[in-house]
Amino acid sequence: MHVRPHRLFRKLLAALPLAAAVAAHADCTRDIVVPVSSTGVSVIVGNGTYSGIYPELFRSLGPRAGCHFVFSSVPRARQELMFETGKADLLLPATRTPARDQHGIFVPMVGHRAVLISLQSPRPQIINAQDLLDRRDLRVAVVRGYDYGEAYQALVRELARQGRLFTEVDPTAVARLLHAGAVDITIMGPTILAGSINRETRVHGMLDRLRLEPIPELPWQQTGVYVSRHSLTPDDRAALIELLERAAKSNVVMEGFQRYHRPEILSESVRPR
């Protein structure tokens, strides 16, 4: 079922018991800087507008907390660099990793995992990372700046060493490569790719042909929002963390995924935190 994100969040956020609690918090002392890139339905960037689960969440809750969020569009790798260097106050959506923990405080929103995604074919199932590495005829695409942990990074490095890795700027570019047969597999969260397919007319019908293959090296993890350790005052950091924790307890992010994605896509990639 396809639901327009802004309509979805008006319905969801109207039911949240957050208004009174959030309104009691101290105002943020300045605008909160949030660079983003299109990431499924979590963040949708288009024609200078920002929508999707997280932008709509912040627009609803920010005024109640006295916080104003300023979004800008950047490639994912640039988004990561800005957060690492203290030029961004939030990193979202993001899987928790030790490297990111050095730069921010993580607030989990949902459980999430990356899987191998390809188009349906009679190819034998891939059972683990080594199996993928051994099948040297399979070309693999990833998005620059995505990080699903140390095992993912090791797999990507070895695929690059083998000359089989295609690195793209965003998931829409990966969807086009899969659709054209230029690559055989991608590694990411299925909801991310599905969201990109829904918005890209050139890959129409591709969603019905997806094949999802979980592997043990890419287990369930938590995904959510990182709040900067470097760019924010202690009071602003505390206000943002509390706002996010209350949103997480309300389950609004999980409900957003449930209303937007098909059950077969959702069951393999997102679950309550």
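Residues numbered from 1 in each chain as written. Predicted model: local features only at pLDDT ≥ 70, side-chain atom pairs only at ≥ 80, totals over all residues. Heavy atoms only, no water.

Next up on the list: the overall build of the chain. Looking only at helices and strands, one finds twelve helices and 13 strands in the chain. For 273 residues, the compact-globule estimate of 2.2 N^0.38 gives 19 Å, and the chain sits close to it at 18 Å. Dimensions of the chain along its principal axes, counting C-alpha atoms only, are 60 × 35 × 30 Å. Looking at the chain as a whole, 56% of its 273 residues qualify as buried. Accessible surface for the chain amounts to roughly 11800 Å². Of this, 50% is attributable to carbon and sulfur atoms. Across the chain, the mean location of the 34 positive side-chain charges is 4 Å away from that of the 27 negative side-chain charges. (Helix = DSSP H or I, 4+ residues; strand = E, 2+ residues; numbered from the N terminus. Rg over C-alpha atoms; globule rule 2.2 N^0.38 Å. Buried < 20%, exposed > 50% of the residue type's maximum accessible area, 1.4 Å probe, protein only. Areas by Shrake-Rupley, 256 points an atom, 1.4 Å probe, with all protein chains shown as cover. Lys, Arg positive; Asp, Glu negative; His and termini not counted. Charge placed at Lys NZ, Arg CZ, Asp CG, Glu CD.)

Glancing now at the state of the cysteines. For the coordinates displayed, the defined rule picks out one disulfide. Each sulfur of the disulfide joining Cys 28 and Cys 67 lies 1.9 Å from the other. Taking the torsion about the S-S bond as the criterion, the Cys 28 to Cys 67 disulfide, at about 70°, is right-handed. Here Cys 28, found in the loop between α2 (19-23) and β1 (32-36), pairs with Cys 67, found in the loop between α3 (53-65) and β4 (69-73); they are 39 residues apart in sequence, far enough to count as distant. Residue class for Cys 67 comes out buried when judged on its relative accessible area of 6%. (Disulfide = S-S within 2.5 Å.)

All right, on to the nonpolar core then. Residues Leu 132, Ile 187, Met 188 and Leu 210 are the most contacted members of the largest nonpolar core, which totals 39 residues. Counting residues per element, the ones that place at least two in this core are β7 (115-119), α6 (129-134), β8 (140-143), α7 (150-161), α8 (171-180), β10 (185-188) and α9 (190-199). Aside from chain neighbours lying at most four places away, what touches Ile 187 is Ala 114, Val 115, Leu 116, Leu 132, Val 140, Ala 141, Val 142, Tyr 148, Tyr 152, Leu 155, Leu 159 and Leu 218. In terms of nonpolar packing, the next biggest core, distinct from the first, is built from 37 residues, Ile 32, Phe 58, Phe 71 and Tyr 260 among them. (Core = buried A, V, L, I, M, F, W, Y, C linked by side-chain atoms within 4.5 Å. Contact = heavy atoms within 4.5 Å.)

Attention shifts here to the sheet that holds strand β12 (residues 221-228). Judged by pairing direction, the sheet is antiparallel, and its four strands sit side by side in the order β5-β12-β6-β13 without closing on themselves. Looking at strand neighbours, the two that pair on one side only are β5 (90-95) and β13 (270-272), the edges of this open sheet. Strand-to-strand, the axes of this sheet are offset by a mean angle of 40°, without reference to chain direction. Pairing analysis gives three bridges linking strand β6 (residues 104-112) to β13, with the strands arranged antiparallel. In the strand pairing of β13, Val 110 is matched with Pro 272. Running over the sheet, α3 touches β5, β6 and β12 and is turned about 135° from β5. (Pairing = 2+ DSSP bridges. Axes fitted to C-alpha atoms, helices over the stretch in contact; angles between N-to-C directions.)

What follows deals with the packing of aromatic side chains. Within the structure shown, the criterion is met by six aromatic pairs. Cluster of aromatic residues (ring-pair linked, three or more members): Phe 83, Phe 106 and Tyr 226. (Phe/Tyr/Trp six-rings, centres within 6.5 Å; stacked < 30°, edge-to-face > 60°.)

Here we take up the sheet that holds β10. If you walk across this open sheet you meet the five strands as β9-β8-β10-β7-β11, and the pairing is mixed. Lying at the two open borders of the sheet, with one neighbouring strand each, are β9 (165-168) and β11 (210-213). Mean inter-strand twist for the sheet, computed between neighbouring axes without regard to direction, equals 30°. Bridge count between β8 and β9: four bridges; the pairing is parallel. Pairing of Val 140 across the sheet is with Leu 165, part of β9. In this fold α9 packs onto β7, β10 and β11, with an angle of close to 115° to the strand it touches most, β10.

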